[in-house]
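Structural overview
Chain residues, written in single-letter form:
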Amino acid sequence: GLVEKKQTFDLSDLIRSMDLEERLYRFRCVEAWSITVPWTGFPLSTLIERCKPLSKATHVQFISAKRPKEMPGLASSPWYPWPYYEGLRMDEAMNDLSLLATGMYGHDLQPANGSPIRLAVPWKYGFKSIKAIVKIDLVDTMPVSLWMKAAPNEYGFYSNVNPEVSHPRWSQRSERRIGESGRRPTLMFNGYEPQVAQLYEGMDLRANY
């Protein structure tokens, strides 16, 4: 993409070259359930800076692996435009909370959780945290994600956790924490408002779902 140093990494070498951190993040699914996850990983900004982004790069696009023999869901859901792909605005990607995760619960990621490397952006709904990343491009236009293409009436580019904006088929005002019997109120930006609200100053958060 729009970088000075286009690079291809062996993921094992890349992970060994990073100072891995452990971070405890809330995870909020768009289907109104939630969990708290202890991730291991490194800031996305560290990788972006290593590639020296050009000033005209405004967004980051992520593309997942497409291996039908290992991923039977691809064949069973042929109506989706695989591979899975997602995107962030550049300032979102450079925010310190944006993490490239290599493990969880003290262990390496398993295939179902997005091994060997995935994104974790805790103030957005979970589908934004793309799994099994194989390619990252810096681009000068807003990427159209898989869910935006598949169901544009239900999923937008930003998809920030917002209790005031309902999904077309259910409310987002409350959530079910896995392991609890009741429901709890949904927090704006999933509780990370102090760290990310400034990214959206002046925007209509109801319109920019």
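Conventions and cut-offs
In this numbering scheme, every chain counts its residues from 1 along its sequence in written order. Given that this is a predicted model, residues contribute local features only at a pLDDT of at least 70 and side-chain atom pairs are listed and counted only at 80 or more, while totals for whole chains, interfaces and linings are drawn from all residues. Computation of side-chain values: all heavy atoms of the structure, hydrogens and water removed. Runs of H or I in DSSP of at least four residues are treated as helices and runs of E of at least two as strands, each being numbered from the N terminus. Throughout, radius of gyration means the C-alpha value; the globule benchmark is 2.2 Å times the number of residues raised to the power 0.38. Only protein chains enter the accessibility calculation, which uses a 1.4 Å probe; a residue whose area is less than 20% of its type maximum is buried, one above 50% is exposed, and one in between is partly exposed. Throughout, a residue-residue contact means that at least one pair of heavy atoms, one from each residue, lies within 4.5 Å. In this count, Lys and Arg are taken as positive residues and Asp and Glu as negative ones, while His and the chain termini are left out. Taken as the charge centre is NZ of Lys, CZ of Arg, CG of Asp or CD of Glu, depending on the residue. DSSP-based pairing: two strands are paired if at least 2 bridges between them are found. Axis lines are fitted through C-alpha atoms, for helices just across the contact stretch, and the angle between N-to-C directions can take any value from 0 to 180 degrees. In protein, a polar contact requires one atom able to donate a hydrogen and another able to accept it; more generally it is a pair of N or O atoms within 3.5 Å, and residues adjacent in sequence count only if both atoms are side-chain atoms. Each nonpolar core is a collection of buried residues, namely Ala, Val, Leu, Ile, Met, Phe, Trp, Tyr and Cys, held together in the definition by side-chain atoms within 4.5 Å. Put simply, a salt bridge is a Lys or Arg side-chain nitrogen that is within 4 Å of an Asp or Glu carboxyl oxygen.

**Digging into the overall build of the chain**
In terms of regular secondary structure, the chain is built from six helices and 10 strands. In terms of overall dimensions, the chain is globule-like: its C-alpha atoms have a radius of gyration of 17 Å, near the 17 Å expected for 209 residues. In terms of overall dimensions, the chain has C-alpha extents of about 45 × 40 × 35 Å along its principal axes. Relative to its full complement of 209 residues, the chain shows a buried share of 49%. A fraction of 69% describes how many contacts in the chain between residues 6 or more apart in sequence connect residues 24 or more apart. Considering the chain, the positive charge centre built from 26 side chains and the negative charge centre built from 23 side chains are found 5 Å apart.

**Thoughts on the pairing of strand 9 (residues 174–177)**
Because side chains alternate across strand 9, one face comprises the buried residues E175 and R177, and the other comprises S174 and R176, none of which is buried. Of the pairings in the sheet, the one linking strand 2 (residues 33–43) to strand 9 comprises two bridges and is parallel in character. Across the sheet, the residue bridging to W33 is R176, located in strand 9. Bridging between strand 9 and strand 10 (residues 184–185) involves two bridges; their strand directions are antiparallel. Each bridged residue has a counterpart across the sheet, and for E175 the counterpart in strand 10 is R184. Between the antiparallel neighbours strand 9 and strand 10 lie six residues, among them G179 with a positive phi of about 100 degrees.

**Describing the pairing of strand 1 (residues 21–28)**
By the bridge criterion, eight bridges tie strand 1 to strand 2 in an arrangement that is antiparallel. Counted as the bridge partner of E21 is G41 from strand 2. Turn length for the strand 1-strand 2 hairpin, with the two strands adjacent in sequence and antiparallel, is four residues, and the turn residue A32 shows positive phi of about 75 degrees.

**What to know about the sheet that holds strand 8 (residues 133–139)**
Consider a sheet: its strands pair through backbone hydrogen bonds, and that pairing is either parallel or antiparallel. An order of 4-3-8 is seen for the three strands of this open sheet, with the pairing classed as antiparallel. What marks the edges here is a single partner per strand, and that holds for strand 4 (85–89) and strand 8. Direction aside, the axes of adjacent strands within the sheet are offset by 20 degrees on average. Strand direction decides the pairing type here: strand 3 (residues 59–64) and strand 4, joined by five bridges, are antiparallel. Its bridge partner lying in strand 4, F62 is registered against E86.

**Focus on the side chain of H59**
Among the secondary structure elements, H59 is positioned in strand 3. Judged by relative accessible area, H59 falls into the buried class, the value being 11%. Within the structure, H59 has its side chain in polar contact with the side chain of T58 (distance 2.8 Å). Excluding residues that lie within four positions of it along the chain, H59 makes contacts with L88, R89, M90, D137, L138, V139, T141, M142, P143 and F157.

**Structural notes on the nonpolar core**
Counting 55 residues, the largest nonpolar core has W39, L44, F62, L100, L119, W123 and L138 as the members making the most contacts within it. Top contributing element to this core by residue count: strand 5 (residues 99–104), with four residues. Excluding anything up to four places from it in sequence, W123 contacts E92, N95, L97, S98, N160, V161, F189, N190, Y192, V196, L199 and Y200.

**So, the pattern of salt bridges**
Under the counting rule described, the total for this entry stands at 12 salt bridges. The closest approach of N and O atoms between R23 and D96, which form a salt bridge, is 3.5 Å. Within this pair, whereas R23 is found in strand 1, its partner D96 is found in the loop between helix 4 (90–94) and strand 5, the two being separated by 73 residues in sequence. Its salt-bridge partner being R173, residue E164 comes within 3.1 Å of it at the nearest N-O pair.

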